Amino acid sequence: MLREQSFSVRTTAREQILLITPDVQGALSALTLSDGIATIIVPHTTCAISVNENADPDVPADLTKALRALVPKVRFAHGEGNSDAHFLSLLIGTSLSWPYRNGQLILGTWQGIYFIELDGPRPARKVTVYVNG
Ligand code: ZN
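Residues numbered from 1 in each chain as written. Predicted model: local features only at pLDDT ≥ 70, side-chain atom pairs only at ≥ 80, totals over all residues. Heavy atoms only, no water.

Undergrad: I would appreciate a short explanation of the side chain of Glu15 in the present structure.
TA: Residue placement: Glu15 occurs in the loop between strand 1 (2–9) and strand 2 (16–19). Those residues in contact with Glu15 that lie beyond four places of it in its chain are Thr64, Arg68, Asp84, Glu117 and Leu118. (Helix = DSSP H or I, 4+ residues; strand = E, 2+ residues; numbered from the N terminus. Contact = heavy atoms within 4.5 Å.)

Undergrad: What am I meant to see in the sheet that holds strand 4 (residues 47–53) here?
TA: Backbone hydrogen bonds hold the strands of a sheet together, and the pairing may be parallel or antiparallel. Within the open sheet, the 3 strands sit side by side as 2-7-4. Their pairing is antiparallel. A strand with exactly one partner marks an edge of an open sheet, and here the two such strands are strand 2 and strand 4. Ignoring strand direction, the axes of neighbouring strands in this sheet form an average angle of 30°. Taken together, the 4 bridges between strand 2 and strand 7 (residues 111–117) define a ladder with antiparallel strand orientation. Within the sheet, the bridge partner assigned to Leu19 lies in strand 7 and is Tyr114. Running over the sheet, helix 2 (residues 58–70) touches strand 2, strand 4 and strand 7 and is turned about 45° from strand 7. (Pairing = 2+ DSSP bridges. Axes fitted to C-alpha atoms, helices over the stretch in contact; angles between N-to-C directions.)

Undergrad: Sorry, what's going on with the pattern of salt bridges here?
TA: Opposite charge on two side chains makes pairing possible when the charged atoms of those side chains draw close. In the structure shown here, the tally under the stated rule is 6 salt bridges. Where Arg14 meets Asp119, a salt bridge forms, and the shortest distance between an N and an O atom there is 3.3 Å. Within this pair, whereas Arg14 is found in the loop between strand 1 and strand 2, its partner Asp119 is found in the loop between strand 7 and strand 8 (125–132), the two being separated by 105 residues in sequence. Classification of Arg14 as partly exposed rests on a relative accessible area of 29%. Where Glu117 meets Arg125, a salt bridge forms, and the shortest distance between an N and an O atom there is 2.7 Å. For the residue pair Glu117 and Arg125, the accessibility class agrees, reading buried in each case. Residues joined in a network through salt bridges with shared partners are Arg14, Glu15, Arg68, Asp84, Asp119 and Arg122. (Salt bridge = Lys/Arg side-chain N within 4 Å of Asp/Glu carboxyl O. Buried < 20%, exposed > 50% of the residue type's maximum accessible area, 1.4 Å probe, protein only.)

See below:
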């Protein structure tokens, strides 16, 4: 049986990287105390989820600048004007599969789970954690 737990992320800038490891761990802990693989998704098309350094706040700021620089200088047709955000969401991805043991995410010392806003600010982005069992 697939079980799920969701939480919201509020963003305050157009591009913003937020550490959400405690929120993901909290959702996972509410679902299970066993071992397995969790799937964590953002059900949106202009944000993303990934894992990177959890210590130095300069890293998210640097990555935000680098992501912005990755957007090609092409003429986008999409009328919402946020094709750059769709493009980066496509590159980074909207889901993670991550192992857990005794209901605890197995992360490297310097790893944290990033919520990556690409078309904010938004009052309530959704993140959902799924487990089997
Ligand atoms: Zn759009």
